[in-house]
Amino acid sequence: LIIALNSKSSKSFLVVFSSIFLLSVFNSFQYIQKSSYKALKFYSVRSEFGVAFIHENQVVLYSTLDSVNHPTLQYSVLPDLRQYTIENNIEFKSLMNTERQNRLVEIGKHKILILEKKIDDFAVEVDFVLWRKNNYSDSDSLLSLYPKAIFIADGSNGDKTLERLKNAFASNSDRLYI
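The structure displayed is predicted, hence computed values, not measured ones.

Novice: Explain the overall build of the protein chain to me, and be specific about the residues and the numbers.
Specialist: When its secondary structure is counted, the protein chain shows six helices and nine strands. Against the globule reference of 16 Å for 178 residues, the protein chain gives a C-alpha radius of gyration of 22 Å, more extended than a compact globule. Dimensions along the principal axes, computed over C-alpha positions, put the protein chain at roughly 75 × 40 × 30 Å. Here the protein chain, with 178 residues, has 38% of them falling under the buried criterion. With the model as given, the accessible surface of the protein chain reaches about 11000 Å², and the carbon-plus-sulfur share is 56%. Each charge sign in the protein chain was given a centre, from 21 positive and 19 negative side chains, and these centres are 8 Å apart.

This is the structure in structure tokens:
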């Protein structure tokens, strides 16, 4: 660009302005794409977790950590969420984490079963099962109990648990995310 601006030829000015125009179009396209983004994002932050519900420019962050100002969220989660909205617009909802327990979290129209203890039967239909803390529930029975659910194993699981899940989901590998 510097060479083009120092040059007195009209071709170099055309190249500079064309480059600036293309960058502007690219940035506008990215902005439009980010402002219409809709998704759930799962974050594994050490032994805790977070789930962000992103709908256009609105972000709601659910976490077992105490606030959006927690250093772990500031370092691991917020840099990603800042591309969808400014930090002051992120709504935070705390999920109390007193001890190991299974819980159902409803985020928008999605139901997420957070599985931390062994479970045999859970009557509610869920969209996602978040497998945490080396849970020893029977994966085959959970697959049949939740035929449409997506299973997510987070970073709180050890290598043995992840290998057991990979083997159990070998025929349904599209339903397991590690």
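Novice: So, the pattern of salt bridges: which residues are in play, and what are the values?
Specialist: If you walk through the whole model with that rule in mind, you get six salt bridges. A salt bridge links Arg 132 to Glu 116; the nearest nitrogen and oxygen atoms lie 3.0 Å apart. Taken as a pair, Arg 132 in the loop between β7 (128-131) and α5 (139-145) and Glu 116 in the loop between β6 (110-115) and β7 lie far apart in primary sequence, 16 residues in all. The exposure classification of Arg 132 matches that of Glu 116, with both residues buried.

Novice: Outline the packing of aromatic side chains, supporting the account with residue identities and numerical values.
Specialist: Within a pair of aromatic rings, the relevant descriptors are the distance that separates the centres and the angle that separates the planes. In this structure the tally under the stated criterion is three aromatic pairs. Seen in terms of ring centroids, Tyr 37 and Tyr 84 are 4.9 Å apart; in terms of plane orientation they differ by 15 degrees. Their pairing is stacked. Highlighted residues: Tyr 37 in the loop between α2 (10-35) and β1 (38-45) and Tyr 84 in the loop between α4 (78-81) and β4 (90-94), separated in sequence by 47 residues. On the basis of relative accessible area, Tyr 37 is assigned to the partly exposed category, the value being 30%. The exposure class of Tyr 84 is buried, given its relative accessible area of 7%.

Novice: Tell me about a negative patch on the surface, and name the residues and values.
Specialist: On the surface, Asp 120, Asp 121, Asp 138 and Asp 140 cluster together into a negatively charged patch. Structurally, the position occupied by Asp 120 is in the loop between β6 and β7.

Novice: Hey, could you go over the sheet that holds strand β2 (residues 48-55) for me, with residue numbers and the actual values?
Specialist: The strand order across the open sheet built from four strands is β1-β2-β3-β4, with neighbouring strands paired in mixed fashion. One side of each edge strand has no neighbouring strand; the edge strands of this open sheet are β1 and β4. Strand-to-strand, the axes of this sheet are offset by a mean angle of 20 degrees, without reference to chain direction.

Definitions and limits used
- Residues take numbers from 1 onward in each chain, read along the sequence in its written order.
- Owing to the predicted nature of the model, reporting of local features is limited to residues with pLDDT of at least 70; listing and counting of side-chain atom pairs is limited to 80 or more, with chain, interface and lining totals taken over all residues.
- Excluding hydrogens and water, the side-chain values take into account all heavy atoms of the structure.
- In this text, helices come from DSSP runs of H or I with a minimum length of four residues, and strands from runs of E with a minimum of two, each type numbered from the N-terminal end.
- In this treatment the radius of gyration is a C-alpha quantity, and the globule benchmark scales as 2.2 Å times the residue count to the 0.38 power.
- Only protein chains enter the calculation, and the probe is 1.4 Å; a residue is then buried if its accessible area is under 20% of its type maximum, exposed if over 50%, and partly exposed in between.
- Only the protein chains shown count as cover for residues, with accessible areas throughout obtained via the Shrake-Rupley method and a probe of 1.4 Å.
- Only four residue types enter the tally: Lys and Arg on the positive side, Asp and Glu on the negative side, with His and both chain ends excluded.
- For charged residues, the charge sits on one atom: NZ in Lys, CZ in Arg, CG in Asp, CD in Glu.
- Definition used for salt bridges: Asp or Glu carboxyl oxygen within 4 Å of a side-chain nitrogen of Lys or Arg.
- Ring geometry is summarised as follows: Phe, Tyr and Trp rings, the Trp one being its six-membered ring, pair when their centres sit within 6.5 Å, and such pairs are stacked at plane angles under 30 degrees, edge-to-face over 60 and tilted between the two.
- For patches, a residue must show more than 30% relative accessible area and have no salt bridge; joins then use 9 Å for like charges and 5 Å for nonpolar side chains, namely Val, Leu, Ile, Met, Phe, Trp and Tyr.
- Any two strands with at least two DSSP bridges between them are considered paired.
- Each axis is a line fitted through C-alpha atoms, taken for helices only over the stretch in contact, and angles between the N-to-C directions span 0 to 180 degrees.

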